[in-house]
Amino acid sequence: MSDRPSFFEATVNQVMSACELMDVEPGIRLILSQPKNEVVIHFPVRMDSGEFKLFMGYRIQHNNVLGPYKGGMRYRNELDLDSGKALATLMTMKNSLVEIPFGGAKGGIKFDPSLHSENEIMKITRRFTHALSNNIGPEYDIPGPDLGTDSGTMAWMMDTYVNSHDSLNRSANMHVVTGKRPICGGSKGRDKAVGQGMFYVLEEWARERYVDLSECTFAVQGFGQVGGFAARILDGVGAKLVAVNDIGGSLRRANGIDPKALADWVREHGSVAGYPDAEVCSREDFFSTKCDIFIPAAVQEVIDEKTAPQLKCKLVCEGANGPTTPAGDAILAERGIEVVPDILANAGGVIVSYFEWVQNKKSEQWELSEVDAKLKLYMTKAYARLRRVQYEKKVNARLAAYAVSVDRLQAAYLERGIFP
Ligand code: NAD
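Residues numbered from 1 in each chain as written. Predicted model: local features only at pLDDT ≥ 70, side-chain atom pairs only at ≥ 80, totals over all residues. Heavy atoms only, no water.

**A short note on the overall build of the chain**
Here is step 1 of the chain: Across its full length, the chain carries 14 helices and 12 strands.
Here is step 2 of the chain: Looking at the chain as a whole, 59% of its 420 residues are labelled buried.
Here is step 3 of the chain: Intrachain contacts of the chain at a sequence separation of at least 6 include 69% that bridge at least 24 residues.
Here is step 4 of the chain: Taken as a whole, the chain presents about 17500 Å² of accessible surface, with 51% of it coming from carbon and sulfur.
Here is step 5 of the chain: Of note, the chain has its 49 positive side-chain charges centred 3 Å away from the centre of its 53 negative side-chain charges. (Helix = DSSP H or I, 4+ residues; strand = E, 2+ residues; numbered from the N terminus. Buried < 20%, exposed > 50% of the residue type's maximum accessible area, 1.4 Å probe, protein only. Contact = heavy atoms within 4.5 Å. Areas by Shrake-Rupley, 256 points an atom, 1.4 Å probe, with all protein chains shown as cover. Lys, Arg positive; Asp, Glu negative; His and termini not counted. Charge placed at Lys NZ, Arg CZ, Asp CG, Glu CD.)

**A closer look at the packing of aromatic side chains**
Here is step 1 of the chain: Inspection of the entire model under this criterion finds 17 aromatic pairs.
Here is step 2 of the chain: On the numbers, 5.5 Å between centres and 90° between planes, the contact of Tyr-69 with Tyr-140 is edge-to-face. Taken together, the residues Tyr-69 in strand E3 (residues 69–75) and Tyr-140 in the loop between helix H4 (118–132) and strand E5 (141–145) connect sequence positions 71 residues apart.
Here is step 3 of the chain: Ring centres of Tyr-354 and Tyr-378 lie 6.4 Å apart, and the angle between their planes is 65°; on these two criteria the pair is classed as edge-to-face. Remark: Tyr-378 occurs in helix H13 (residues 368–393) and Tyr-354 occurs in helix H12 (residues 348–362); sequence separation between them is 24 residues.
Here is step 4 of the chain: Overall, the relative accessible area of 16% leaves Tyr-354 in the buried class. (Phe/Tyr/Trp six-rings, centres within 6.5 Å; stacked < 30°, edge-to-face > 60°.)

**Points about the sheet that holds strand E4 (residues 104–109)**
Here is step 1 of the chain: One open sheet accounts for five strands, arranged E1-E2-E4-E3-E5; its pairing is mixed. Of all strands in the sheet, those with a lone pairing partner are strand E1 (37–46) and E5, marking the two edges. Here the average twist between neighbouring strands, direction ignored, is 20°.
Here is step 2 of the chain: Bridging between E3 and E5 involves five bridges; their strand directions are parallel. Of the residues in E5, the one forming a bridge with Met-73 is Pro-145.
Here is step 3 of the chain: Each of E1, strand E2 (52–63), E3 and E4 touches helix H3 (residues 81–97); the most contacted strand, E2, lies at about 35° to it. (Pairing = 2+ DSSP bridges. Axes fitted to C-alpha atoms, helices over the stretch in contact; angles between N-to-C directions.)

**Focus on the domain arrangement of the chain**
Here is step 1 of the chain: Segmentation of the chain into domains returns domain 1 (7–175) and domain 2 (193–340).
Here is step 2 of the chain: Each of domain 1 and domain 2 has a C-alpha centre, and these two points are 26 Å apart.
Here is step 3 of the chain: Between domain 1 and domain 2, the residue contacts involve 11 residues of the former and seven residues of the latter.
Here is step 4 of the chain: Roughly 740 Å² of surface becomes buried between domain 1 and domain 2 when both sides are summed, with 51% attributable to carbon and sulfur atoms.
Here is step 5 of the chain: At the boundary of domain 1 and domain 2, one finds zero salt bridges.
Here is step 6 of the chain: Inspection of the region where domain 1 meets domain 2 yields two residue pairs in polar contact (both at pLDDT 80 or more).
Here is step 7 of the chain: If you list the elements that add at least two residues to the side of domain 1 that touches domain 2, you get helix H1 (7–21) and H3.
Here is step 8 of the chain: Examining the composition of the side of domain 1 that touches domain 2, we find that four residues originate from one element, H3, more than from any other.
Here is step 9 of the chain: Of the residues belonging to the side of domain 1 that touches domain 2, the class tally is five nonpolar, one polar and five charged. (Domains from an automatic or database assignment. Buried area = accessible area lost by both parts, 1.4 Å probe. Salt bridge = Lys/Arg side-chain N within 4 Å of Asp/Glu carboxyl O. Polar contact = N/O pair within 3.5 Å; in protein donor to acceptor, adjacent residues only side chain to side chain. Nonpolar A, V, L, I, M, F, W, Y, C, P; charged D, E, K, R; others polar.)

The structure is reproduced here in structure tokens:
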């Protein structure tokens, strides 16, 4: 048995430390310590072979005092309720920090999509969406993409939802899901939003630290929606990708890896493994590659007591949700490695999802320049709020980020009162 706190326990501990710092009332601490709803659904789907298989899907709704529940849907074999609860809590914290009118949720289906045909994934998605029924809704709980899901998955979810609800209001319900392609009501810039938001925060960090981003080197774990776009955007300003790791293996190259060519390779082969223009290296080599910025953009709990001592970077910018364990965090602090915490660093995704939701409600389509300009404003304002509390309270960036969030949640509860 490990004495490491579970992902959910570690997340709640962080929330409670922030509550302590901001003097949050005991009743509000209690509310934030558990999700409001945990929906678990077992549903059958007929496979291409004609056989039936049973799947487990869930939706955890942590808090909705600031607005409808909002959070991604994850397709992954290593999926459990503990991580779902942690990820839903992180969404409440993130949405509060960046001041968008949403609460926090997370969901997913326990299966490995790489073992299924597109037809099976579509049927699994549609059957789950149908079974969720009114547990999601455009003004109640709004799923988006996450690990193992993408704009195509969101299009199936949206289509299933609108077809199983009031047929006179099909178009009016499109905002039940975000992360769709523009042709299905999505926002321009949603695909790159996490990477773009991360870039705006990195610009702020670089300005504060007198660092020239165009001369920085960086390493990325996970080369999907988040890692792939972050790498291409940083490469676009001259920063150099020197190491990459994903589910298939690790690569490095001191002279830089071309993220556009690598993204084409991954699209075709499903992983960075086998990409010819870089050296194959071990996972340990990947973590210990010298770089300025390390970007975890894959799964949770990867920077821990084993890997944190290996990192040779100035900054960890958390693209993934929950990539650093408490033990890992303590080691990074001891070693003077700065952290931009996940609830800020990867918030670009949910911010542009919020823009998509607003565009759907108003039947509008904004230009990319407008989306990017608004995203920059939300990211830089949240960064400034975090830094203000960090300097005032003399705490680390993660605790400051949570402190800003719980303070805002408390303000909402105090204004509304706790029913009954
Ligand atoms: P994705 O499915 O597009 O890509 C995931 C990547 O991680 C792939 O390259 C995969 O090979 C790699 N990976 C998976 N398991 C791994 C492992 N054990 N070790 C190393 N690499 C592994 O997913 P994504 O949407 O890019 O999400 C990545 C992370 O970013 C997740 O933590 C997610 O919660 C977070 N996030 C995503 C969004 C979004 O809008 N997509 C928004 C905010 C945060």
